[in-house]
Amino acid sequence: MKTNARIEFGDFQTPPLLAEEICRLVRARCGDFSSVIETTCGRGAFLVAAGTAFPDARLSGREINPVHVEAARVALSDAGFDGRAEVSVQDFFSADWNAELSALPDRLLLLGNPPWVTNAGVSAIGGSNLPVKANFQGMRGLEARTGKANFDISEWMLIRLLESIRPRAAVLAMLCKTATA
């Protein structure tokens, strides 16, 4: 993948050992889940790790890059999870997450590593992989026109997912920058 595209789409794959350790930690702290979804699954490291950590869970992955979708399908199949896993091409920003997540049975785990990029970072490389611009945090005056406008893309994504799971029995376990957390 070209460098600008890699930056624009936050295409920095999670190392499998890190995904495994995170899934072990989530299981130890939160127990089991009926459904696990990774909304930006890349090549599927978290889904494969979740398949081991949560042996009864249905695994779902969404990813904008069709090459990564195929790699995730192969990884899940190689791990023996293809019978309880599905991965599809999906642009996070155009997805109806309310409908998508409401179709999955409770106890739901949203797991992953969203892109760590800002609006300014994507714009600086001439990219367009951004959500529709809106003052969704209700900022006023100068605050809405200056520094706060350089929102973090993963922050927007996490807020959107949190809105979509309210008031369900769900856990959100995502890697993110300290400033975003």
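Residues numbered from 1 in each chain as written. Predicted model: local features only at pLDDT ≥ 70, side-chain atom pairs only at ≥ 80, totals over all residues. Heavy atoms only, no water.

Trainee: How should I be thinking about the overall build of the chain in this particular structure?
Mentor: Across its full length, the chain holds 8 helices and 5 strands. For the chain, with 181 residues in total, the buried portion stands at 44%. Restricting to contacts in the chain with at least 6 residues of sequence separation, those with at least 24 account for 75%. For the chain, the accessible surface area stands at approximately 9400 Å², while carbon and sulfur atoms represent 54% of it. (Helix = DSSP H or I, 4+ residues; strand = E, 2+ residues; numbered from the N terminus. Buried < 20%, exposed > 50% of the residue type's maximum accessible area, 1.4 Å probe, protein only. Contact = heavy atoms within 4.5 Å. Areas by Shrake-Rupley, 256 points an atom, 1.4 Å probe, with all protein chains shown as cover.)

Trainee: How should I be thinking about the packing of helix H2 (residues 16-30) against helix H3 (residues 45-53) in this particular structure?
Mentor: When two helices pack together, you describe them by how their axes are tilted relative to each other and by the distance separating the axes. At a closest axis distance of 8 Å, the pairing of H2 and H3 adopts a crossing angle of 40°. Here H2 lies oblique to H3, going by the angle between them. Judged by the sense of rotation from one axis to the other, the crossing of H2 with H3 is right-handed. Between H2 and H3, the residues in contact are Pro16, Ala19, Glu20, Ile22, Cys23 and Arg27 and Ala45, Phe46, Ala49, Ala50 and Ala53, respectively. A per-class count over the contact of H2 with H3 returns 9 nonpolar, no polar and 2 charged. (Axes fitted to C-alpha atoms, helices over the stretch in contact; angles between N-to-C directions. Parallel < 35°, antiparallel > 145°, perpendicular 65-115°, else oblique. Left-handed = near helix turned anticlockwise from the far one by under 90°. Nonpolar A, V, L, I, M, F, W, Y, C, P; charged D, E, K, R; others polar.)

Trainee: What is the right way to read the sheet that holds strand E4 (residues 108-112) from this model?
Mentor: In a beta sheet, neighbouring strands are held together by backbone hydrogen bonds and run either parallel or antiparallel to one another. Spatially, the 5 strands line up as an open sheet ordered E3-E2-E1-E4-E5, and their pairing is parallel. Each having just a single partner strand, strand E3 (85-89) and strand E5 (170-174) make up the two edges of the open sheet. Taken pair by pair, the neighbouring strands of this sheet meet at an average axis angle of 15°, ignoring direction. Of the strand pairs in this sheet, strand E2 (residues 58-63) and E3 are connected by 5 bridges, and their pairing is parallel. (Pairing = 2+ DSSP bridges.)

Trainee: Sorry if this is basic, but what is going on with the pattern of salt bridges here?
Mentor: Counted by the stated rule, this structure contains 7 salt bridges. In this structure, Glu100 engages Arg62 in a salt bridge whose closest nitrogen and oxygen atoms are separated by 2.5 Å. In this pair, Glu100 is assigned in helix H5 (residues 97-102) and Arg62 in strand E2, connecting sequence segments 38 residues apart. Summarising the burial analysis for this pair, Glu100 and Arg62 share the class buried. A salt bridge links Asp106 to Arg168; its shortest N-O distance comes to 2.6 Å. (Salt bridge = Lys/Arg side-chain N within 4 Å of Asp/Glu carboxyl O.)

Trainee: Is there a simple way to think about helix H4 (residues 66-78) in this case?
Mentor: Every α-helix winds through 3.6 residues per turn, so residues three or four apart in the chain are directed the same way. Taking 1.5 Å per residue as the helical rise, H4 with its 13 residues ought to reach 18 Å, and the 18 Å between its terminal C-alpha atoms agrees with that figure. Check the buried side of H4 and you find it contacts H3, E2 and E3. Where H4 begins, the side chain of Asn65 points an oxygen toward the backbone nitrogen of Val67, at a separation of 2.8 Å. Gly80 occupies a position one or two residues after H4 and carries a positive phi of about 85°. (Expected span 1.5 Å × (residues − 1). Polar contact = N/O pair within 3.5 Å; in protein donor to acceptor, adjacent residues only side chain to side chain.)

Trainee: Explain H3 here, please?
Mentor: Most of H3 is tucked away: 7 of the 9 residues are buried. Where H3 is concerned, the buried positions are Ala45, Phe46, Leu47, Ala49, Ala50, Gly51 and Ala53. Here the buried face of H3 lies against H2, strand E1 (35-38), E2, H4, E3 and E4.

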